[in-house]
Amino acid sequence: QLQASGGGLVQAGGSLRLSCAASGRTFSRYAMGWFRQAPGKEREFVACISGSGGTTLYADSVKGRLTVSRDNAKNTVYLQMNSLKPEDTAVYYCARSMVVVTTIRQYDYWGQGTQVTVSS
């Protein structure tokens, strides 16, 4: 089970940190990804991190502003979101994959989303 939290309402330029807690004892075997879906738009890749945490990938639109990290001892992956923009407004989802990829179909297990709203 994946449980995302940390969303909320923030002004442009502000920060939020999302968390995604996983149950089970195999968390470190999986890459973890963050995706988002804005109203009327398709779900899109945001960032992902390998099981060890040594490899990360980011969407161009978030590079330099969002940082993905994980704590395998706590079975948790994080998304630190800085310099937020109104266009970052979306429901954010965490998901797991066997590989470090940006492709949605490679993620087989999804958590519920958490809403992030950035006001201008």
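Within each chain, residue numbers correspond to sequence positions counted from 1 in written order. The model is predicted, so local features are restricted to residues of pLDDT at least 70 and side-chain atom pairs to those at 80 or more, both for listing and for counting; the totals for chains, interfaces and linings are taken over all residues. Side-chain calculation: all heavy atoms of the structure are included, whereas hydrogens and water are not.

Our next topic: the pairing of strand β7 (residues 66-71). Burial classes follow relative accessibility: with a 1.4 Å probe on protein chains only, a residue under 20% of its type's maximum area counts as buried, one over 50% as exposed, and anything between as partly exposed. Helix and strand labels come from DSSP, where a helix needs a run of H or I of at least four residues and a strand needs a run of E of at least two; each type is numbered from the N terminus. Burial along β7 is one-sided: L66, V68 and R70 are buried, while T67, S69 and D71, pointing the other way, are not. Linking two consecutive strands that pair antiparallel, namely β7 and strand β8 (residues 76-81), is a turn of four residues; a positive phi of about 55 degrees is found at N75 within it. Two strands make a pair as long as DSSP finds a minimum of two bridges between them.

Moving on: the pattern of salt bridges. Any two side chains of opposite charge can pair, so long as their charged atoms come close to each other. Every case where a carboxyl oxygen of Asp or Glu lies within 4 Å of a side-chain nitrogen of Lys or Arg is listed as a salt bridge. Inspection of the entire model under this criterion finds five salt bridges. Put simply, E44 and R36 hold a salt bridge, and the shortest N to O gap is 2.7 Å. Salt-bridge contacts for D108 lead to R96; the nearest nitrogen and oxygen are separated by 3.2 Å. Placement of the pair is D108 in strand β10 (residues 107-110) and R96 in strand β9 (residues 90-97), with a sequence separation of 12 residues. Sharing partners across several salt bridges, the network here consists of R36, E44, R65 and D88.

To continue, consider the environment of A21. Structurally, A21 can be placed in strand β3 (residues 16-22). When its relative accessible area of 37% is taken as the criterion, A21 is described as partly exposed. In this structure the C-alpha to C-alpha distance between A21 and D71, which are 50 residues apart in sequence, comes to 9.8 Å. For A21, the contacting residues outside a window of four places in its chain are Q1, L2, Q3, N75 and T76. Any two residues whose heavy atoms approach within 4.5 Å are treated as being in contact.

A separate point is the packing of aromatic side chains. Side-chain rings of Phe, Tyr and Trp, where Trp is taken by its six-membered ring, are said to pair if the distance between their centres is within 6.5 Å; with planes under 30 degrees apart they count as stacked, over 60 as edge-to-face, and otherwise as tilted. Tallied over the entire structure, the rule returns five aromatic pairs. Ring centres of F35 and W110 lie 4.9 Å apart, and the angle between their planes is 50 degrees; this geometry places the pair in the tilted category. Of the two residues, F35 is situated in strand β4 (residues 31-37) and W110 in strand β10; the sequence distance between them amounts to 75 residues. W110 gets classed as partly exposed once you look at its relative accessible area, which sits at 25%. A network of ring pairs unites the aromatic residues F35, F45, Y93, Y107 and W110 as a single cluster. One Lys or Arg, R43, reaches over the ring of W110 and ends 4.9 Å from the middle of that ring. The ring of F27 has R70 sitting right over it, with the charged end atom 4.3 Å from the ring centre. Counting as a charge over the ring demands two things of the Lys NZ or Arg CZ atom: a distance within 6 Å of the ring centre and an angle within 35 degrees of the ring normal.

The phi dihedral of N75 is positive, around 55 degrees, even though this residue is not glycine. Examined against the element boundaries, N75 turns out to sit in the loop between β7 and β8. Positioned with a positive phi, S83 is a non-glycine residue whose angle comes to about 50 degrees. With respect to the helices, strands and loops of the structure, S83 is situated in the loop between β8 and β9. Judged by its relative accessible area of 41%, S83 falls in the partly exposed class.

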